[in-house]
Amino acid sequence: MRVIDSRIDTGSSAFAANAAAYREMVAVLRERQGWVIDGGEGRARQIERHHARGKVMVRDRIDLVTDDGTPFLELSMLSGWGQYDDAAPGAGIVTGIGIVGGVPYVFIANDATVKGGSLLPMSIKKHVRAQDIAAQNDLGVIYLVDSGGAFLPLQDELFPDKDHFGGSFYRQARLSAQGLPQLSVVLGGCTAGGAYVPALSDEVIMVRGIGRIFLGGPPIVKAALGEIIEPDDLGGAELHTRESGVSDHMTETEHEAYGLLREICETTNQRSFDHREGWIDWAEPEPPAYDVGEIYGIVSADDRIPFDATEIIARMVDGSRFAPFKPSWGDSVVCGFARLWGHLVGVIANNGIIFNESALKATHFIELCEQRRVPLVFLQNTSGYMVGRDSEVGGIAKNGAKMVAAVANATVPKYTVLIGGSYGAGNYGMCGRGFDPRFLFAWPNSRIATMAADTAETVLVDIRVGGMRGSETTEAELEAIRTEIRQQYETQSDPYYATSRLWDDGLIDPVHTRDILGLCLALAARQDEPPPGPGIVYRM
Ligand code: COA
């Protein structure tokens, strides 16, 4: 593979202006992530009380379990951002991938300093998403439980439906049956539904004095039976480890519990992080030839000015080496092979609108990767498929559908990063959330919506003018529609709006993209080869 010949003038004023604007975006991201860790109204008091009870903060708990010097990939850190009156930083739950004794695990850990660790609609979505990641990547799950259970005022949004509370228990039971260890440490209340997290676990540790499990807490017992009982007498560590057998181990302190958990992990017989099954072609990794930090200067501060996807690839892949596929045809989609932390991948990246030829080229390339068993990395930056008579005559609807069908049926691992716009059906063809990429991350400059705000404004005004009420609509009313739609689209296409709702697995700093994808690929490389799809390469 040849090294990409970069055309970027890193000394230009445009580069400097872009870089300055991007650094500001990254500063905002860091600040908001900091708020998730210890911010929010009344949180200082909650944190103080947590410490006063001798309890460890949620991220420190994870740190105490994971191997020293290994990374923890935290997922969807900004879930719930801008929702719940800004009273639920991170939706009160931390999920991510950490390494214990050399083996990667999914962590699901409640943050008891946020609404008593109770689960809001976005918390349950995050919990379930983490379990789905475990299922797809063959990972055991460690639950650090410290939760008030369902957030009762919003019970209709989190209790009854398929992927709600019940769905999390359904997944837990099935993950265990798949041979993926489900391990719980009980560090707080596990009431009602919450009791099933430890109860469905393969092995359970309770910490004396803080861990409690009961189907009905003391207030319910008092109301139902007239019994007045202390929480520890109803469901403490002593009761459950010595009498009921709901728990298997009891420790005196949290620190002791994490040591014991690490010992349990030594017995789970799981494949290590470094294990490679050999079906993903691998070579010794090398860093990109260009400075990864230059991505800041390449991404246009003005999203109407395009930037070249090849320049991003040059700062992401090993040695900046890239073997392009059909480089002289359908060039609004860049396709080609490269290595990411040693793993051979097929990269598909947008340079704006997807035309007929670009859709066919991408389809052909997806088929090639599927046939050769090469994982796919999608870098989305598109306003969607081309509209207009010429495009329709060329069959854009069927050509876009070919790409969508190829993505949907590819069984090799797929990973998606939103590096710019993710609009319209471009989101689908480029492996958006609906197409089940193993991980989907977004950059803080990204935008996601059916269409851009100004296009939506024009479409909706045209619909009103051409519709039944068109002749009675005044110019002032049209102006009000324009303003309302523009504001709505601008708000809803903001990356923080998207990440808050778990449309992605997290907003990431572009300079970390390579390392994060490398970690995700290493997870797939330890697995058996996925069953092949149709494997036919049709020339388009
Ligand atoms: N639904 C809604 N809010 C809840 C909640 C729940 N299930 N559990 C806790 N909270 C809220 C509290 O109202 C409080 O909110 P505020 O800070 O806005 O006043 C905050 O979380 C902290 O709760 P608090 O009771 O002060 O914390 P604690 O650390 O002393 O106790 C629990 C934590 C989880 C043991 C305790 O809150 C509890 O028992 N909660 C209810 C458990 C339950 O019955 N759940 C049913 C699930 S189906």
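Scroll up a little and you will see the structure.
All values derive from a computational prediction rather than experimental measurement.

On to the site of the ligand, then. Near the ligand there are 14 residues, and of these Arg49, Arg53, Lys115, Gly148 and Ala150 occur at the shortest range. Between the ligand and lysine 115, the relevant distance is 2.6 Å, taken from an oxygen atom to a side-chain nitrogen or oxygen of the residue. A distance of 2.9 Å separates a nitrogen atom of the ligand from a polar atom in the backbone of glycine 148. For the ligand, whose free accessible area comes to 870 Å², the fraction covered by protein is 59%. Classifying every residue of the shell around the ligand by side-chain character gives five nonpolar, six polar and three charged.

Tracing the backbone shows histidine 343 in strand 12 (residues 343–350). At a separation of 3.3 Å, a polar atom in the side chain of histidine 343 contacts the main-chain carbonyl oxygen of tryptophan 341. Among residues more than four places away in sequence, those in contact with histidine 343 are Ile280, Asp281, Trp282, Ala338, Gly518, Leu521, Ala522 and Ala525.

Moving on, we come to the layout of surface pockets. By volume, the largest pocket is sized at about 1,300 Å³. Looking at the largest pocket, it is lined by 46 residues, and the ones nearest its centre are Asp303, Ser383, Gly421, Tyr423 and Ala452. For the lining of the largest pocket, the secondary-structure elements that each account for two or more residues are helix 1 (13–38), strand 13 (376–382), strand 14 (414–423), strand 16 (447–449), helix 17 (453–466), helix 18 (475–492) and helix 19 (495–500). For the second largest pocket, the calculated volume is near 820 Å³. Elements represented by at least two residues in the lining of the second largest pocket include exactly helix 1, strand 2 (73–75) and helix 20 (513–525). The element contributing the most residues to the lining of the second largest pocket is helix 20, with six residues. When grouped by side-chain class, the residues that make up the lining of the second largest pocket number 18 nonpolar, seven polar and eight charged.

With that out of the way, let us pick up a nonpolar patch on the surface. A contiguous nonpolar surface patch, about 230 Å² in accessible area, is contributed by Val459, Leu460 and Ile463. With respect to the helices and strands, the residue leucine 460 is situated in helix 17. Judged by its relative accessible area of 33%, leucine 460 falls in the partly exposed class.

Relative to the elements of secondary structure, arginine 373 occurs in the loop between helix 13 (356–372) and strand 13. A relative accessible area of 10% places arginine 373 in the buried class. The contact partners of arginine 373, leaving out residues within four places of it in the chain, are Trp279, Thr411, Val412, Glu529, Pro530, Pro531, Pro532 and Gly533.

With 80 residues, the main nonpolar core has Ile97, Val106, Ile312, Ile313, Leu379, Phe439 and Trp443 as its most contacted residues. At eight residues, helix 20 tops the list of elements feeding residues into this core. In this structure isoleucine 97 touches Pro71, Phe72, Leu73, Pro104, Tyr105, Val106, Ile133, Leu139, Phe439, Leu519 and Leu523, once residues within four positions along its chain are discounted. Within the second largest apolar cluster, 26 residues are counted, among which are Val333, Ile366, Phe378 and Tyr385.

Right, let's talk about the side chain of glutamate 311 for a bit. Counting through the fold element by element, glutamate 311 comes out in helix 12 (residues 309–314). Among residues more than four places away in sequence, those in contact with glutamate 311 are Ser6, Arg7, Ile8 and Ile298.

Rules used in this analysis
Residues numbered from 1 in each chain as written. Predicted model: local features only at pLDDT ≥ 70, side-chain atom pairs only at ≥ 80, totals over all residues. Heavy atoms only, no water. Near = heavy atom within 4 Å. Polar contact = N/O pair within 3.5 Å; in protein donor to acceptor, adjacent residues only side chain to side chain. Areas by Shrake-Rupley, 256 points an atom, 1.4 Å probe, with all protein chains shown as cover. Nonpolar A, V, L, I, M, F, W, Y, C, P; charged D, E, K, R; others polar. Helix = DSSP H or I, 4+ residues; strand = E, 2+ residues; numbered from the N terminus. Contact = heavy atoms within 4.5 Å. 1 Å grid on protein atoms, 1.4 Å probe; cavity = no way out; pocket = protein on both sides within 12 Å on 5 of 7 lines; lining within 4 Å. Points joined across faces, edges and corners; volume = space filled by probe spheres on them. Patch = residues over 30% accessible without salt bridge, like charges linked within 9 Å, V, L, I, M, F, W, Y side chains within 5 Å. Salt bridge = Lys/Arg side-chain N within 4 Å of Asp/Glu carboxyl O. Buried < 20%, exposed > 50% of the residue type's maximum accessible area, 1.4 Å probe, protein only. Core = buried A, V, L, I, M, F, W, Y, C linked by side-chain atoms within 4.5 Å.

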